[in-house]
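Secondary and tertiary structure notes
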Amino acid sequence: MSQRTFSIIKPDAIRKGHAGAILADIEKAGFRIVAIKKLFISKPQAEGFYYVHKERPFFESLTTFMSSGPIVALVLEKENAIADLRRLMGATNPANAEEGTIRKKYAGSIEENAIHGSDGEETASFEIGYFFAGHELV
Ligand code: CMP
């Protein structure tokens, strides 16, 4: 059955001019773009999005990075979208990411790692709702 997931092309990838290539990889992998927008999030908005990580040592630096420049927020749809996007993204640390994955190709570090993807169904529905209204999902 078709499933939706949420993704962000992060500020590092936008700064380096990789947004179009990443979108092409996503479409080539069979995802349908249900919603897309380029926007700038504030630090409090980044903190709200990553609240599950608020006790982690990298929280301060992660939320500063995520509000350091524009991002592209996406809702993507295909069968098995959540797991398939995570496979396409590669490991969180690009040093451990497999050849051909988005993070292997475009990410610079474990924090500035080019792309985010939801890690489960509940997270996907929270994250989609954080960025998009129902009428924007088409
Ligand atoms: P993401 O998939 O968006 O989920 C949480 C983010 O925190 C992750 O990608 C990285 O950008 C960042 N992150 C995870 N682990 C670390 C770490 N050990 N050090 C710095 N940043 C991290």
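Refer to the structure printed above.
Residues numbered from 1 in each chain as written. Predicted model: local features only at pLDDT ≥ 70, side-chain atom pairs only at ≥ 80, totals over all residues. Heavy atoms only, no water.

1. Quick look at the packing of aromatic side chains
The test is simple: Ring pairs shown here join Phe, Tyr and Trp side chains whose ring centres sit within 6.5 Å, with only the six-membered ring taken for Trp; geometry is labelled stacked below 30 degrees between planes, edge-to-face above 60, and tilted in between. Charge-over-ring placement is defined geometrically: NZ (Lys) or CZ (Arg) within 6 Å of the ring centre, and within 35 degrees of the ring normal.
Under the definition given, this model contains 8 aromatic pairs. Each member of the aromatic cluster is reached from another via a ring pair, and the members are Phe6, Phe49, Tyr50, Tyr51, Phe126, Tyr130 and Phe131. Of note, lysine 78 hangs over the ring of phenylalanine 31, and the distance from its end group to the ring centre comes to 5.4 Å.

2. Describing the site of the ligand
Applicable threshold: Residues are classed as near a molecule or strand on a simple rule: at least one heavy atom within 4 Å of it. Pairs of N or O atoms within 3.5 Å make up the polar contacts considered here, provided that, within protein, one atom can donate a hydrogen while the other can accept it, and that residues adjacent in sequence are counted only when both atoms are side-chain atoms. Accessible surface area values rest on a Shrake-Rupley calculation with a 1.4 Å probe, where residue burial reflects the displayed protein chains alone. The method works on a 1 Å grid over the protein atoms by themselves. A cavity is a set of points holding a 1.4 Å probe that cannot get out, a pocket is an open set with protein on both sides within 12 Å along at least five of seven lines, and residues with an atom within 4 Å of a point line them. More than half of a molecule's atoms within 2 Å of the grid points is what it takes for that molecule to sit in a cavity or pocket. Only Asp, Glu, Lys and Arg are considered charged in this grouping, and only Ala, Val, Leu, Ile, Met, Phe, Trp, Tyr, Cys and Pro are considered nonpolar; every other residue, Gly among them, is considered polar.
By nearness alone, every residue bordering the ligand is listed as Lys10, Tyr50, His53, Phe58, Leu62, Thr92, Arg103, Ile110, Glu111, Asn113 and His116. The side chain of arginine 103 places a nitrogen or oxygen atom 3.3 Å from an oxygen atom of the ligand. When isolated, the ligand has an accessible area of 460 Å², and the protein chains bury 79% of it. Spatially, the ligand is embedded in the largest pocket. For the shell around the ligand, the residue count by class is 4 nonpolar, 4 polar and 3 charged.

3. A short note on the pairing of strand β1 (residues 2-9)
Our working rule: Throughout this description, buried means an accessible area under 20% of the type-specific maximum (1.4 Å probe, protein chains only), exposed means over 50%, and partly exposed covers the range between. Only DSSP runs of H or I with at least four residues qualify as helices, and only runs of E with at least two residues qualify as strands; both kinds are numbered from the N terminus onward. Strand pairing follows a simple DSSP-based rule, namely that at least 2 bridges must link the two strands.
Of all 8 residues making up β1, 6 are buried, and the element is well covered by its neighbours. Sheet topology note: the β1/strand β3 (residues 71-79) ladder contains 8 bridges and is antiparallel. Within β3, the residue paired with threonine 5 across the bridge is leucine 76. For β1 and strand β4 (residues 115-117), the ladder comprises 3 bridges, and the chain directions are antiparallel. For serine 7, the partnering residue across the bridge sits in β4 and is glycine 117.

4. Re a nonpolar patch on the surface
Condition: What makes a patch is a set of residues exposed beyond 30% relative accessible area and free of salt bridges, joined within 9 Å when like-charged and within 5 Å when nonpolar (Val, Leu, Ile, Met, Phe, Trp, Tyr). For this document, the term salt bridge refers to a Lys or Arg side-chain nitrogen within 4 Å of an Asp or Glu carboxyl oxygen.
Together, Tyr51, Val52, Phe126 and Tyr130 make up an exposed nonpolar region whose accessible area comes to about 370 Å². Checked against the element boundaries, valine 52 lands in the loop between α3 (43-49) and α4 (59-66). Given a relative accessible area of 58%, valine 52 falls into the exposed group.

5. Let's talk about the environment of serine 7
Examined against the element boundaries, serine 7 turns out to sit in strand β1. Look at serine 7 and you get buried, because its relative accessible area is 0%. It is 15 Å that separates the C-alpha atoms of serine 7 and histidine 18, two residues lying 11 residues apart in sequence. One polar contact links the side chain of serine 7 to the main-chain carbonyl oxygen of histidine 116, over a distance of 2.8 Å.

Taken by themselves, the reported measurements are silent on function.
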